[in-house]
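Examining the three-dimensional arrangement
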Amino acid sequence: MPINFRAFFLPDTRADADTFWLGLGFIAFADALRLTLLDAGLAMFAWLLILFCLAALHINRLRDAGRQGPLVIVPLAAGVAVKAIVAIIAVTVAILPGFMDYLEAQGVDINDPAQVQAAGQDDELIAGFQQLMIENEADTLAAFSAGDWPSAIAFWLTVFAIGFWFARMPRRA
């Protein structure tokens, strides 16, 4: 069966295993271009298009395998959940040095875990750090963008791992 490129974008056809893998690669490449070339507003819109194409490709693979369409939620939900978790971790790691510098500037001994823990529960210190983040928009945006690539890689690793299950589904009439 020849590769049906329409299966990458519209949920109205069948996608055999080869078309499915090629589609995953194409959509992952489009996501990499999105992260590299687009700014925040356009990148979010493009992310929604990527999710739609990914859902269409999975639906087409399920159609080819004679399975029910709602299974499409498995790779999408798992991928987005892993993406969110990795993004939170990456952003936290990016913000932590600035937070520790802020605590040190406020007189907290960062070598004393008890003082750091107490400072982390001090509402005034946290509010002050939040205000500092608002005032230093460039640093804040840089810290938040630190989660872009790690979360994208985690998303695609998850989708490709689940893709092995989808690709191995035998074809049904």
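Residues numbered from 1 in each chain as written. Predicted model: local features only at pLDDT ≥ 70, side-chain atom pairs only at ≥ 80, totals over all residues. Heavy atoms only, no water.

Moving on: the overall build of the chain. The number of helices and strands found in the chain is seven helices and zero strands. If you list the helices and strands of the chain from N to C, you get α-α-α-α-α-α-α. A compact globule built from 173 residues should have a C-alpha radius of gyration of about 16 Å, whereas the chain, at 22 Å, is more than 25% larger. The C-alpha extent of the chain, read off along each of the three principal axes, is 70 × 30 × 20 Å. Within the chain, the proportion of its 173 residues that are buried is 36%. (Helix = DSSP H or I, 4+ residues; strand = E, 2+ residues; numbered from the N terminus. Rg over C-alpha atoms; globule rule 2.2 N^0.38 Å. Buried < 20%, exposed > 50% of the residue type's maximum accessible area, 1.4 Å probe, protein only.)

This paragraph deals with helix α1 (residues 17–37). What sets the pattern is the α-helix's 3.6 residues per turn: residues three or four places apart point alike. Given a rise of 1.5 Å per residue, 21 residues ought to cover 30 Å, and the 30 Å separating the end C-alpha atoms of α1 matches this to within 8%. For α1, the set of buried residues is Thr 19, Phe 20, Gly 23, Leu 24, Ile 27, Ala 28, Asp 31, Arg 34 and Leu 35. Looking straight down α1, one finds its buried side chains confined to an arc of 165°; they lie on one side. Facing away from the buried side of α1 by more than 90 degrees, the exposed set consists of Asp 18, Phe 29, Thr 36 and Leu 37. Against the buried residues of α1 lie α2 (40–65), α3 (73–105) and α7 (148–167). (Expected span 1.5 Å × (residues − 1). Arc of directions from axis to C-beta. Contact = heavy atoms within 4.5 Å.)

Below, the discussion takes up the confidence of the model for the chain. Across the chain, the average pLDDT comes to 87, with 98% of residues at or above 70. Across the chain, element-level confidence peaks in α7 with a mean pLDDT of 93 and bottoms out in helix α6 (residues 137–145) with 83. (pLDDT = per-residue confidence, 0-100.)

Examined against the element boundaries, Asp 31 turns out to sit in helix α1. Looking at Asp 31, the relative accessible area reads 1%, which means it is buried.

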